[in-house]
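A look at the structure
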Amino acid sequence: MQIKINSLSYTYLAKTPNEVEALHDVSLEIPEGKITSIIGHTGSGKSTLIQTLNGLLLPTSGEVHVGDYVVTSKKKKNKKIKELRKSLAIVFQFPEYQLFEETVEKDVAFGLKNYGVKEAEAIKQAHKALEEVGIDKSFYKRSPFELSGGEKRRVAIAGIIALNPDILVLDEPTAGLDPLGSKIILRLIEKFNKEGKTIIIVTHDMNIVLNYSDHVVVMNDGKVAFEGTPSTLFNGDISKYSIDVPELFKFVKILEVKGMKLDLSKIRTIDDLITQLKEKR
Amino acid sequence: MKCVSIKNLTYAYIKDRPVIKDLSLDIEEGEYVSLVGHNGCGKSTLAKLLVGLLFANQGSIEICGLELNSKNINEIRKKVAIVFQNPDNQFIGATVEDDIAFSLENMCVPREEMLTLVPEYAKKVGMEQFLTKEPGYLSGGQKQRVAVADALIRNPEILILDEATSMLDPAGKQDILNLVKKMRSENPNLTIISITHDINEAYDSDRIVLMHEGVNVLSCTPVELFEKTDIISKYNLDLPFVIELKTKIKKLGIDVKESDSLETIGVKLCK
């Protein structure tokens with residue numbers, strides 16, 4: 001499913017003295033079947049943007065097209081929004097705080113039951129989703145609150161995956177996890193992408209952008225400041241967006257200044273760089 | 001001088017399933033210690049024990065020479081400030097200035113002093129423009145900056161950061177880390193205990209304490225830790241970029257030294 005955003009603006013508390021324009025005339029296309037990262041400093045409009053994608057926030061003006069669905073400022077026109085939310089599902093920051101059920105399997109089945117799936121079938125599909133995220137069977141009947149942070153997050157993601165969305169949006173999916181927990185989540189996201197899901201990740205972690213993303217969108221002051229591939233982004237001047245250049249690219253730039261020719265589009269990890277260095281020697 | 005002295009500490013949320021097991025650790029005054037280890041290894045539990053939010057089942061904690069018990073708890077809480085991971089769980093005031101003033105009110109600081117202290121600390125964390133804003137209008141990173149101001153304004157002897165920067169954007173994170181550095185240079189006696197998964201952040205500390213299943217398995221300087229490749233892989237730790245790069249470039253047969261900057265490595269590679 002393709003996402004197309006036309007002249008989208010969003011103002012919090014519109015027509016009050018406290019109004020804040022979080023998005024200003026954003027037009028954007030998010031490629032289907034790819035991993036897109038949305039970055040930008042705190043308060044740049046990233047979270048507002050993703051919440052308009054499935055109508056959790058309705059645009060102040062402009063519209064969002066997701067496949068055949070349209071999200072507009074007019075409430076009455078957004079009739080199929082419940083279906084849209086199943087196709088484009090959002091995993092929020094710290095989704096483990098939303099776990100509430102008595103057991104892991106019931107928690108994962110909750111969303112499905114909201115879509116009218118019968119209890120037994122919902123539990124069956126929940127088991128499938130839990131298997132997908134690598135949660136062991138021995139956890140199914142246990143309280144989600146007994147799990148570690150990384151496990152809880154995978155259970156929360158399973159609750160979304162159980163809905164089988166075409167587009168999966170994740171807000172800071174690795175925040176607060178240890179390095180191993182982060183890797184497990186990122187591998188999982190890669191797997192979902194290989195299975196055909198379009199992935200959108202909101203992140204501050206430039207290594208996720210460099211190592212995992214096909215496409216990157218930079219938000220700045222509620223506007224789109226950049227759209228393109230990670231290597232184009234990090235090779236350009238990004239100091240004005242208060243984004244960190246990954247250390248790897250800082251080093252690659254030092255090499256370039258010294259006259260070394262490297263194929264930047266193929267450098268995502270230290271190992272990629274080492275491979276190119278070997279070829280030169 | 002010992003600032004924190006932990007002896008044979010054991011704590012269990014559920015009986016017979018201790019998350020801190022017979023842990024002993026000393027921290028010197030003015031030391032900057034990073035606690036690293038997997039989620040669930042007991043780091044945050046230890047932080048809560050240090051501020052008396054939890055009480056140990058066995059063992060003892062001494063803070064600045066005072067034993068942590070129900071009698072001394074108020075005295076100890078004046079010396080220790082903590083910033084938690086989730087900014088939403090620690091915003092108390094109705095506005096930013098109220099929130100920063102809250103602990104001063106508890107300490108009976110005169111109003112005139114508050115009127116200068118609150119804007120001063122708001123400025124330190126870059127929130128001076130937001131003094132009259134309510135938490136609902138702030139982003140997560142902005143709330144966390146307020147939380148850091150709340151902690152610092154009490155002028156604590158020990159500052160505990162429980163993944164305090166994990167939700168901030170790179171610029172916000174750097175602001176906080178710079179601020180912590182500045183606090184340390186202004187007050188070399190300030191002891192910092194930082195719980196973090198960010199290995200580049202831990203790299204800056206005096207000492208890294210690695211925890212695993214409720215025990216501290218290793219305590220050494222960052223440089224010593226990163227040389228122990230067996231430990232790094234056993235406990236799934238990340239390596240700081242510079243260390244990983246140097247190791248891999250050495251394998252190409254290039255002589256790279258510990259002290260080499262990225263620039264120097266570049267020169268050696270381009271020869």
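Rules of the game
- Residues numbered from 1 in each chain as written.
- Chains lettered and ligands numbered in written order.
- Predicted model: local features only at pLDDT ≥ 70, side-chain atom pairs only at ≥ 80, totals over all residues.
- Heavy atoms only, no water.
- Contact = heavy atoms within 4.5 Å.
- Buried area = accessible area lost by both parts, 1.4 Å probe.
- Salt bridge = Lys/Arg side-chain N within 4 Å of Asp/Glu carboxyl O.
- Helix = DSSP H or I, 4+ residues; strand = E, 2+ residues; numbered from the N terminus.
- Nonpolar A, V, L, I, M, F, W, Y, C, P; charged D, E, K, R; others polar.
- Pairing = 2+ DSSP bridges.
- Phe/Tyr/Trp six-rings, centres within 6.5 Å; stacked < 30°, edge-to-face > 60°.
- Buried < 20%, exposed > 50% of the residue type's maximum accessible area, 1.4 Å probe, protein only.
- Domains from an automatic or database assignment.
- Polar contact = N/O pair within 3.5 Å; in protein donor to acceptor, adjacent residues only side chain to side chain.

**Digging into the interface of chain B and chain A**
Contact with chain B, which involves 34 residues of that partner, is made by 35 residues of chain A. For the pair chain B and chain A, the summed buried surface comes to about 3200 Å²; carbon and sulfur atoms form 66% of the total. On inspection of chain B and its partner chain A, the count reaches three salt bridges. Those elements that provide at least two residues to the side of chain B that touches chain A are α5 (140-152), α6 (170-186), α10 (241-250) and α11 (262-270) of chain B. The dominant element in the side of chain B that touches chain A, judged by the number of residues it contributes, is α11(B), at seven residues. When its residues are assigned to classes, the side of chain B that touches chain A shows 15 nonpolar, twelve polar and seven charged.

**Considerations on the sheet that holds strand β4 (residues 58-63) of chain B**
Residues and elements named next belong to chain B. Read across the open sheet, the four strands follow the order β2-β1-β4-β5; overall the sheet is antiparallel. The open sheet has two edge strands with one neighbour each: β2 (17-28) and β5 (66-67). Looking at chain direction, strand β1 (residues 2-14) and β2 are connected through eight bridges and run antiparallel. Within the sheet, the bridge partner assigned to Ser5 lies in β2 and is Asp26.

**Description of the packing of aromatic side chains**
This structure, assessed with the given rule, holds six aromatic pairs over all chains. On the basis of an interplanar angle of 80° and a centroid distance of 4.9 Å, the ring pair of A:Tyr10 and A:Tyr12 is categorised as edge-to-face. Under the relative-accessibility criterion, A:Tyr10 is labelled buried at 12%. Note on B:Tyr11 and B:Tyr13: the rings are 5.1 Å apart at their centroids and 90° apart in plane angle, and the pair reads as edge-to-face. With a relative accessible area of 10%, B:Tyr11 lands in the buried category. Here B:Tyr13 falls in the partly exposed class, since its relative accessible area comes to 47%.

**Some thoughts on the domain arrangement of chain A**
All names here are of chain A. For chain A, the domain assignment lists domain 1 (3-245) and domain 2 (246-281). Centre-to-centre separation of domain 1 and domain 2, based on C-alpha positions: 32 Å. Listed per partner, the contact involves 13 residues of domain 1 and twelve residues of domain 2. For the pairing of domain 1 and domain 2, the buried interface totals around 990 Å² over both sides, and the portion due to carbon and sulfur atoms is 56%. It is Leu210, Asn235 and Val245 in domain 1 that bury the most area against domain 2; as a group they hold 56% of the surface buried on that side. Seen at the junction of domain 1 and domain 2, the total is zero salt bridges. Put simply, domain 1 and domain 2 have four residue pairs in polar contact (both at pLDDT 80 or more) between them. When residues of the side of domain 1 that touches domain 2 are traced back to their parent elements, those giving at least two are α7 (206-212) and α8 (230-235). Ranked by residues supplied to the side of domain 1 that touches domain 2, first place goes to α7 with five residues.

**Focus: the domain arrangement of chain B**
Residues and elements named next belong to chain B. Assigned domains of chain B: these are domain 1 (2-239) and domain 2 (240-271). A separation of 34 Å is found between the C-alpha centroids of domain 1 and domain 2. At the interface, eight residues of domain 1 touch five residues of domain 2. Taken together, the two surfaces of domain 1 and domain 2 that pack against each other cover about 530 Å², and 69% of this comes from carbon and sulfur. When the area that domain 1 buries against domain 2 is broken down by residue, the three leading residues are Tyr203, Phe226 and Leu239, summing to 71%. Between domain 1 and domain 2 we count zero salt bridges in total. Summed over the shared surface of domain 1 and domain 2, the number is one residue pair in polar contact (both at pLDDT 80 or more).

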